[in-house]
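Single-letter residue listing:
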Amino acid sequence: MKAKHQRLTLALLAVVALVGAGLLAAYALQDQASYFYTPSDIAQQQPEAGAAIRLGGMVEEGSIQRSADGVTVQFIVQDAGARQKVTYTGITPDLFVEGSGVVADGRLDANGMFVAETLLAKHDENYIPRELEGIDMTSGKHKTETLVQ
Amino acid sequence: MIAETGLIALWLAAALALLQFALGAIGLRAERNDYYAAIRPVAVAQGLFVSLSFLLLIWLFLRSDMSVRLVVMNSASVKPLLYKFAGTWGNHEGSMLLWVTVMGLAGAFIALFERSLNKRTLVATLAAQAFISLGFYAFLLVSSNPFERMFPVPADGQGLNPLLQDPGLAFHPPTLYFGYVGLSVAFSFAVGAMITRDVGAAFAKAMRPWVLGAWIFLTLGITAGSYWAYYELGWGGWWFWDPVENASLMPWLAATALLHSVTVLATRDSLRAWTLMLAVVAFSMSMIGTFLVRSGILTSVHAFAVDPERGSFILALLAIYIGGAMALFALRVGTVKEGKRFELVSREGALVANNLLLSVILALVFIGTLYPLLVEAVTGDKLSVGPPYFNLATGPLALLLVAVMAAGPLLRWRRDNPKALLNRISIPILITAAALFALALFTTGMSILALLGLALAAGVAVASFAPLWKRNLRRTPLHTYGMVIAHFGIAVALVGMACESSFTEERLVAAQPGDEIAVNDWKLKFEAIEPMAGPNWTALEGRITAQYGDGAIHEITPQNRMFAAAQTQTSEAALLTRWNGQLYVVLGDGDSEGRWQIRVWWKPFVTLIWYGGILVALGGFLAMVGRLRRGYKQRKQREFVEATL
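Position numbers for residues start from 1 in each chain and track the written sequence from start to end. Note on labels: chains are lettered from A, ligands numbered from 1, in written order. With pLDDT at 70 or above as the cut-off, local features in this predicted model cover only qualifying residues; side-chain atom pairs require 80 or more to be listed or tallied, and sums for whole chains, interfaces and linings still use all residues. Hydrogen atoms and water are omitted, and side-chain values are computed over all heavy atoms in the structure.

## Here we look at the side chain of Q46 of chain B
Residue and element names in this part refer to chain B.
Link 1 in the chain: Per the convention used, a helix needs a DSSP run of H or I reaching at least four residues, while a strand needs a run of E reaching at least two, with both numbered from the N terminus. Structurally, Q46 can be placed in helix α2 (residues 33-62).
Link 2 in the chain: The buried label goes to any residue with under 20% of its type's maximum accessible area, the exposed label to any with over 50%, and the partly exposed label to all in between, with areas taken from a 1.4 Å probe on protein chains only. A residue is classified by how much of its surface remains accessible, and Q46, at 2% relative accessible area, is buried.
Link 3 in the chain: Ignoring sequence-local partners within four residues, the contact set of Q46 consists of A13, L16, A17, Q20, G104, S133 and Y137. Contacts: residue pairs with any heavy atoms within 4.5 Å of one another.

Here is the structure:
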């Protein structure tokens, strides 16, 4: 193989590999990218039961109920337009409180209940999950205390 | 006065960086030897002044000077000393100053110690290094002054984010930054070599220690970050494919590829253009990583210090550096002379395969991380890409890469005989097949990826020692040992990952004091809940005893901490480490009936993940020491020969 040909082969190989990566990514994204839903999104266009999705909104005031087993909570996530029932079995994050923002990974079951596998609450006073930016939270009262401004 | 002195030192360092760049640029154009001579002391002075500035900032944090805005926002007088110290870089301004300090020190180090590089390339490298630093100086001085004063002076500060108050995390960001900055030096070398058209073995040998150093720090940083997320978040996971994690993984993937291609360039003088390209890509990835983490543009389980405006500044820097380097690359790549040729079945061929696979994995992670941003920019839809995508897309390729890694060191340089090769790798292949067979027979519920991973790890563990086979172990160079240990470390980590994902057992209960919990062969007894107080927090501590089979009884104490200053809670998981795994206990909330949520995991061999990472970094360290020592000896020998002639 001439040097020029070898260079060309390697360059072609690299191009093929990277195009392959792009195609693989496109395929996997189509299949696996879990769309972010707000309760209104779910109300308008219900995702398939069992499909992995991410839900974000505010925890409705007074909606958190603990089950008798002590490790399951049910609550309602709401935005300006709709409410969505959620159930979660596990230890809730430290800043998971009523009236606060929450993002949950999980799936809808056949009854329209959102079964959460992980809950992301606010990290600290200053952090809002980015997906929740710009969403109208009707009862989204969360006091932010800042010592110095 | 300390703050003002720090600011003045920073301005002086910036001015020196400008001078350093100008000396290089004008000197190269006019080919002036006096300019070349002047650039070294200027680089050293720049390093000294920026270090002074950073030390003064540390001093301000240590003495809790509440007239400085940055200290107020990120520290508190009651905070433990360690976190006052670490709080210096646990924020945007401080970490940017740390970045530019490490860059300045690296420039000073090159100016003082680099002897093997062609003089003009060295000058071009130092000028490029100063040019990159200038962007960060501008950033600090214009929009993120760390020494800004505050009036009126508040009584106390806001404290550090409690999640960051952890010894592991205190030193995790600087570790990653050393890695990022090391890649910026490699980038400067590549730019310097492109400017002087001097790409060859000598250049690769000069660049290699920096790539190796950056790669060691990135490896340690990622390992430490993974362990931190594992025990601090209390979720029991060690990798979440979170954008912030990806931001550190992407430069590591690029650096790993670069490390291998720069070795080909140094030993065989092949892959010249490709190595330059990778140096540009690796630094781009560290800049993109910084951008993602600092801009708040992505949702992350650990996105700290978010600010879109600063994000745009970093984005602008990114565009200038990367765009400039790419343009230079496009202009000069045609004039880079061809390197030496090789057959496809050869050590070079295996390293090319390694590079291609790493590049593809990098591309897949990159696409997955940035895809949500792109979609949102185009359609306005919010979307997230999670672990299912990343595992599916990168898992099989990673296993293929590990297989190439096992075979690569057994190949000869330039050309090899496929039959002889097959002979050499037959034992690892047999071991992999046997392991696969045994696992398929005796285990249940393993995912295909984990099954293949565990079997492959067995083969790789053996294959990684093959380069030592039939060699005189005392005369084997240190860098060969380095490679062996690093590759073995990958096998070790792979075992940990496969075992953790396949054999973890979990129990989640609401228990009252006195209740027993069983998981695997462990018997846990929930004894009591007790209040605790720390330096700046109060906590509820669960006292739990754990016994493995009929073995000794251990006490473990998971906590829920409340931080008054930031009104934040953190849960401190309790970990009990045994040779064959780790018991992981998290305390949740209590309820009105006196029950407490307790989550227990038994994770067999999970610690191997991080031991593997440490072994990989250790291998890199041995390789670096070996290379540097050999380079030093060769130089001494050359000088001796020249002196005697």
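## Looking at the pairing of strand β10 (residues 581-590) of chain B
All names here are of chain B.
Link 1 in the chain: Of all the 10 residues making up β10, 8 are buried; the element is thus mostly covered by neighbouring parts of the structure.
Link 2 in the chain: Two strands make a pair as long as DSSP finds a minimum of two bridges between them. Hairpin connection, strand β9 (residues 574-578) to β10: the antiparallel pair is bridged by 2 residues.
Link 3 in the chain: The pairing of β10 with strand β11 (residues 596-604) spans 8 bridges and is classified as antiparallel. Paired with V585 across the bridge in β11 is V600.

## Thoughts on the sheet that holds β10 of chain B
All names here are of chain B.
Link 1 in the chain: The antiparallel open sheet is built from 4 strands, whose spatial order is β2-β11-β10-β9. Pairing within the sheet leaves two strands with one partner each, and these edge strands are β2 (505-511) and β9. Averaged over all pairs of adjacent strands, the angle between their axes in this sheet comes to 15°, without regard to strand direction.
Link 2 in the chain: With respect to the sheet, helix α17 (residues 478-503) is in contact with β2 and β11, its orientation differing from that of β11 by roughly 135°. To obtain an axis, a line is fitted to C-alpha atoms, over the contacting stretch when the element is a helix, and the angle between two such axes runs from 0 to 180 degrees between their N-to-C directions.

## What to know about helix α15 (residues 426-442) of chain B
Residue and element names in this part refer to chain B.
Link 1 in the chain: The span expected for a helix works out to 1.5 Å for each residue beyond the first. Across its 17 residues, α15 extends 24 Å between first and last C-alpha, which sits within 8% of the 24 Å expected from 1.5 Å per residue.
Link 2 in the chain: Three or more residues of α15 are buried, namely P428, T432, A435 and L439. One side of α15 carries all its buried residues, which in axial view fall inside an arc of 65°. Facing away from the buried surface of α15 by more than 90 degrees, the exposed residues are I427, L430, F437, A440 and L441. Summarising the geometry, the arc corresponds to the directions from the helix axis toward the C-beta atoms.

## Notes on the pairing of β9 of chain B
Link 1 in the chain: When β9 of chain B meets β10 of chain B, the two strands line up antiparallel, connected through 5 bridges. Following the sheet pairing, A574 of chain B is matched in β10 of chain B by V585 of chain B.

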